[in-house]
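# Chain and residue survey
Below are the chains, spelled out letter by letter.
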Amino acid sequence: MTQDYFGFSLVRSVPNNGTVAVNNPADISVIVIYFVVVLAVGVWAMVSTNRATVGGFFLAGRSMVWWPIGASLFASNIGSGHFVGIAGTAAAGGLAIGGFEWNALVVVIILGWLFVPIYIKAGVVTMPEYLRKRFGGQRIRIYLSVLSLFLYVFTKISADMFSGAIFINQALGLNIYLAVILLLSITALYTVTGGLAAVIYTDTLQTIIMVVGSFILMGYAFNEVGGYENFQTRYMEAIPTLTGVNISESCYTPRPDSFHIFRDAVTGDLPWPGLVFGLTVQATWYWCTDQVIVQRCLSAKNLSHVKAGCILCGYLKLLPMFLMVFPGMISRILYPDEVACVEPEECLRYCGASVGCTNIAYPKLVVDLMPNGLRGLMLSVMMASLMSSLTSIFNSASTLFTMDIYTKIRSSSSEKELMIAGRVFILVLIGVSIAWIPVVQSAQSGQLFDYIQSITSYLTPPIAATFMLAIFCKRVNEPGVFYGLTIGLAIGLTRMISEFAYGTGSCVTPTNCPEIICGVHYLYFSIILFCISCLLIVSISLMTKPIDDKHLHRLCWQLRNSTEERVDLELDNWKEDQEPTYVDMDDKRGLSPISICYSVTHIQILFLTFTTTHCFLIPVFVCLCRAHRGARLL
């Protein structure tokens, strides 16, 4: 293990054995073709859409149809952090991490049917803008904008760049910083020039690449372990050779409940009440109030396309269980000494992190298992997921900065100046992200996905409470929301800072954090913080003056169909040259009978698909594996 100095911090360099997995014409050709096609799609989107206005650049001219919206929602959500983080957690703990993905099936429908109609009727571009219209004043809008940008840098961008760097280092043997800077440069090229339209169309292409490439890898992985039945048996026997003398057996033996999604409420690593309720709080923040996700829905030509796009995204969210969770568990079967290492010295030798090497589960599977050509395709998949996630974040972050912060600094800005400010901010964000790479690399905390979800649990429940009450409770007002957000943030930061100060520890070296602070699972903490935030917001609102209905028309659920003119609490700092005209396929008096049938039918289909996945798809896997094994015996 070596120590290298990069400007301002000492970081650990991941050991490299000197071999380059992608060094053959087939792999290189696939990667080159991929980049050419992606850039071609980006250029086509640039020249075929209007990017001269804020609506054209940030909302793709409000002309998107359902299938690129659904694909972009999925691609924006699934980054390289998912491939590395979910597969790594699955290698360590089993199937339960797939519940994080399946939870989105319900929440994404809530987004399309309950939240987006309010955002569209309010005529907003960003989520902080909605809160400004709903409550007035500037402090809530600026608070949310700044907190969102911090969350982008410290969770989304850092996690994706870190996981992408792990994969690139494993596959290419390149310097991590050089590879990430190159990817960021290409990503920024069409984000800065093309706007949201280029991002959505390239996301659509990359979704296809991710799904096809991941299915191919899953097929190779199941073939390698001999089918689903052997997969279950061999996973429970996947124990590293070197286990140490003073290390507890539970640290290197697979969990007895590895093939259970709903686990014990007290002893489970992902307790079922937290998975059902705590995760829903985080999912509501991410899917229903986060700028990256909602911005794709606001680019739709009408509400019917929003709903259809959400349904498509819901179906796609069924796939990560098969594309990431199962391969991550198979990687532990095939490489138990590396992926499931428990001795700190051995882990340092394999991946440069003493707390464990489960994060290399998916990259190692790709590099060692895939043949030439297909390995290049999978590298393209990882780069696609990294780039699609980063482009979405860069575009949405520049939107937040331009519309919610820059317009406060220069209230008389022209559209041209706003365009320049948004593009320059993307470049600044890239610089900050590159500077954060050494910090992320030196803070490798065993379970990347748990790191992301825990930070989300500490910071986002007050935001989820704010948006839910803003839409569904007409009585809440600005003082209640502001103090609820502030106190909720203080509680969340107290838990987060304490946990990081004491260290999260590992099974071999547990943390000495007091039980009263770190003893509550982060998913349970999310529920508690959400309830406290709701109680504070409602209580303070009831003790202060309510907002008159004349300021709330089409801003909350009770007044969503109001035709009266709304008197804004505060005038906009900026107005688009042309007001948006949405063609809402739903009747203003309520959903038409055809629309109701359309909506209910698709919700039922999605629910039935979700509930029958374990009952149907997995048995199909078993039958196919048995048939394959029988054919091999013949």
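Whatever comes next refers back to the structure up there.
Residues numbered from 1 in each chain as written. Predicted model: local features only at pLDDT ≥ 70, side-chain atom pairs only at ≥ 80, totals over all residues. Heavy atoms only, no water.

It is worth spelling out the overall build of the chain at this point. The helix and strand inventory of the chain stands at 25 helices and 2 strands. By residue count, 58% of the 634 residues in the chain fall in the buried class. Considering only residue pairs separated by 6 or more positions, the chain has 83% of its internal contacts joining residues 24 or more positions apart. Summed over all atoms, the accessible surface of the chain reaches about 24700 Å², with 66% contributed by carbon and sulfur. (Helix = DSSP H or I, 4+ residues; strand = E, 2+ residues; numbered from the N terminus. Buried < 20%, exposed > 50% of the residue type's maximum accessible area, 1.4 Å probe, protein only. Contact = heavy atoms within 4.5 Å. Areas by Shrake-Rupley, 256 points an atom, 1.4 Å probe, with all protein chains shown as cover.)

Relative to each other, helix H22 (residues 478-502) and helix H24 (residues 522-542) sit at 155°, their axes nearing to 8 Å. Relative to H24, the element H22 is oriented roughly antiparallel. H22 and H24 meet at a crossing whose hand is right-handed. Where H22 abuts H24, its residues Pro479, Gly480, Val481, Tyr483, Gly484, Ile487, Gly488, Ile491, Gly492 and Arg495 lie against Tyr522, Phe525, Leu529, Ile532, Ser533, Leu536, Ile537, Ile540 and Ser541. (Axes fitted to C-alpha atoms, helices over the stretch in contact; angles between N-to-C directions. Parallel < 35°, antiparallel > 145°, perpendicular 65-115°, else oblique. Left-handed = near helix turned anticlockwise from the far one by under 90°.)

This paragraph deals with the packing of aromatic side chains. Applying the stated criterion to the full structure yields 22 aromatic pairs. A centroid spacing of 5.9 Å and a plane angle of 85° characterise the contact between phenylalanine 115 and phenylalanine 472, whose relative ring orientation is edge-to-face. Of this pair, phenylalanine 115 sits in helix H6 (residues 104-122) while phenylalanine 472 sits in helix H21 (residues 461-472), and the two are 357 residues apart along the sequence. Since its relative accessible area comes to 2%, phenylalanine 115 is described here as buried. Ring centres 5.6 Å apart and planes at 65° place the aromatic pair phenylalanine 231 and phenylalanine 326 in the edge-to-face group. Here phenylalanine 231, found in helix H10 (residues 228-236), pairs with phenylalanine 326, found in helix H14 (residues 320-334); they are 95 residues apart in sequence, far enough to count as distant. Accessibility assignment for this pair places phenylalanine 231 and phenylalanine 326 in one class, buried. (Phe/Tyr/Trp six-rings, centres within 6.5 Å; stacked < 30°, edge-to-face > 60°.)

Taken as a whole, this structure holds 11 salt bridges when the rule is applied. Across the pair arginine 255 and aspartate 269 runs a salt bridge whose closest N-O atoms are separated by 3.6 Å. One end of the pair, arginine 255, is in the loop between H10 and helix H11 (272-289); the other, aspartate 269, is in the loop between H10 and H11, with 14 residues separating them in the sequence. A relative accessible area of 24% places arginine 255 in the partly exposed class. Assessed through its relative accessible area of 29%, aspartate 269 is described here as partly exposed. We note a salt bridge from aspartate 549 to lysine 474, for which the minimum N-O separation is 3.5 Å. Here lysine 474 lies in the loop between H21 and H22 and aspartate 549 lies in the loop between H24 and helix H25 (593-633), a separation of 75 residues in the sequence. (Salt bridge = Lys/Arg side-chain N within 4 Å of Asp/Glu carboxyl O.)

Looking now at the state of the cysteines. Summed over all chains, the structure comprises 2 disulfides. The disulfide partner of cysteine 341 is cysteine 347, and the gap between their sulfur atoms is 2.2 Å. For the disulfide bridge between cysteine 341 and cysteine 347, the dihedral angle about the S-S bond is near 125°, and by the sign convention the bridge is right-handed. The pair cysteine 341 / cysteine 347 is uniform in exposure class, with both members buried. Note that cysteine 513 is cross-linked by a disulfide to cysteine 518, the S-S spacing being 1.9 Å. Where cysteine 513 bonds to cysteine 518 through sulfur, the torsion about that S-S bond is close to 70°, and the disulfide is right-handed. Distance from the sulfur of cysteine 313, which forms no disulfide, to the nearest cysteine sulfur (cysteine 310) is 7.1 Å. (Disulfide = S-S within 2.5 Å.)

Core analysis: the biggest nonpolar cluster contains 143 residues, and Leu111, Tyr119, Tyr130, Phe231, Trp287 and Phe326 have the highest contact counts within it. Tallying contributions element by element places H6 first for this core, with 13 residues. Apart from the residues lying within four places of it in its own chain, the contact partners of phenylalanine 231 are Phe222, Val225, Phe259, Phe326, Met329, Ile330 and Ile333. Counting 21 residues, the second largest nonpolar core, distinct from the first, contains Leu149, Met161, Leu386 and Ile405. (Core = buried A, V, L, I, M, F, W, Y, C linked by side-chain atoms within 4.5 Å.)

Helical geometry: 3.6 residues make up each α-helical turn, so side chains three or four residues apart lie on a common side. Between its first and last C-alpha atoms H22 spans 36 Å; for 25 residues at 1.5 Å apiece the expected length is 36 Å, and the two agree. Once H22 ends, the next one or two residues include glycine 503, with phi positive near 90°. (Expected span 1.5 Å × (residues − 1).)

Below, the discussion takes up the side chain of threonine 284. Here threonine 284 shows up in helix H11. Here the side chain of threonine 284 touches threonine 280 through a polar contact of 2.7 Å, landing on its backbone oxygen. Filtering out sequence-adjacent residues up to four positions away, threonine 284 remains in contact with Val107, Phe115, Thr289 and Met468. (Polar contact = N/O pair within 3.5 Å; in protein donor to acceptor, adjacent residues only side chain to side chain.)

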